[in-house]
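Listed here are the chains, written in short residue letters.
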Amino acid sequence: GENVEQHPSTLSVQEGDSAVIKCTYSDSASNYFPWYKQELGKRPQLIIDIRSNVGEKKDQRIAVTLNKTAKHFSLHITETQPEDSAVYFCAASKSGGYNKLIFGAGTRLAVHP
Amino acid sequence: DSGVTQTPKHLITATGQRVTLRCSPRSGDLSVYWYQQSLDQGLQFLIQYYNGEERAKGNILERFSAQQFPDLHSELNLSSLELGDSALYFCASSVPAGHTGELFFGEGSRLTVL
């Protein structure tokens, strides 16, 4: 069945460093790959997404890359700040809107001042 | 505020009991999704409805059921509760395909089974 694996499960960086979280997916028909951020006790919120017709997308300090051949996508956060500390989830689905999102297990990012 | 409303926010009950969680999607959203998040765990997909019809099913236990009503609100029914059912249950809604595909999550219903 559909599966999304996410690594690492925890990540600790110093403020100003970069953080990279990696995900692989099993269903080659997947074509929509969002990333959600969940702060402690809060709901998950979309921070960036990418579709299969694009290899990279950037939004200020956040970027996502996609390698469809390898079925692999990554989240890159540059110049990390303490407020970036949260749990980050990658996800995959076959299309936006109609189809269920399958989430990775999450990465707990801690940014130390 | 995502526009998705979930009630109750917190619920404490005993093993063997039955509870109903309610979700009102964002205005105009036809799809409703239910996810379970156990302590320090990921988001496990339970079930999806689109305009009143079941669209997809995940690892939802037979003791759990859901439905989406004509006014598009949804309810998740959990019965014969066990200690392991304690979790945060999220409802999410989305606009139809052709838009971003973003899921808008409610604040969740935290269920504690004692």
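The structure contained in this document is the topic of the report that follows. (Residues numbered from 1 in each chain as written. Chains lettered and ligands numbered in written order. Predicted model: local features only at pLDDT ≥ 70, side-chain atom pairs only at ≥ 80, totals over all residues. Heavy atoms only, no water.)

What to know about the pairing of strand E11 (residues 109–113) of chain B
Residue and element names in this part refer to chain B. For clarity, the cut-off: Here's how the labels work: a residue is buried when its accessible area is under 20% of the maximum for its type, exposed when over 50%, partly exposed in between, all with a 1.4 Å probe on protein chains only. Only runs of H or I of at least four residues qualify as helices and only runs of E of at least two qualify as strands under DSSP, and these elements are numbered from the N terminus. When DSSP locates at least two bridges between a pair of strands, those strands are taken to pair.
On E11, burial follows the alternation: Ser109, Leu111 and Val113 on one face are buried, whereas Arg110 and Thr112 on the facing-out side are not. Note that strand E2 (residues 10–13) and E11 share four bridges and pair parallel. Opposite Thr13, over in E11, you have Val113 as the bridge partner. Pairing between strand E9 (residues 87–94) and E11: three bridges, direction antiparallel. When the sheet's bridge partners are listed, Ala87 is paired in E11 with Leu111.

Overview of the state of the cysteines
Put simply, the test is: Criterion for a disulfide: a pair of cysteine sulfur atoms at a distance within 2.5 Å.
Here the structure, examined in full by the defined rule, presents two disulfides over all chains. Linked covalently through their sulfurs, Cys23 of chain A and Cys90 of chain A form a disulfide whose S-S length is 1.9 Å. Taking the torsion about the sulfur-sulfur bond, which here is approximately -100°, the covalent link between Cys23 of chain A and Cys90 of chain A counts as left-handed. Here the residue Cys23 of chain A occupies a position in strand E3 (residues 19–25), and Cys90 of chain A occupies one in strand E9 (residues 86–92), the gap between them amounting to 67 residues. Neither residue differs from the other here; Cys23 of chain A and Cys90 of chain A are each classed as buried. Note that Cys23 of chain B is cross-linked by a disulfide to Cys91 of chain B, the S-S spacing being 1.8 Å. Residues Cys23 of chain B and Cys91 of chain B are joined through a disulfide that is left-handed, its torsion about the S-S bond being -55°.

These figures capture arrangement, not role.
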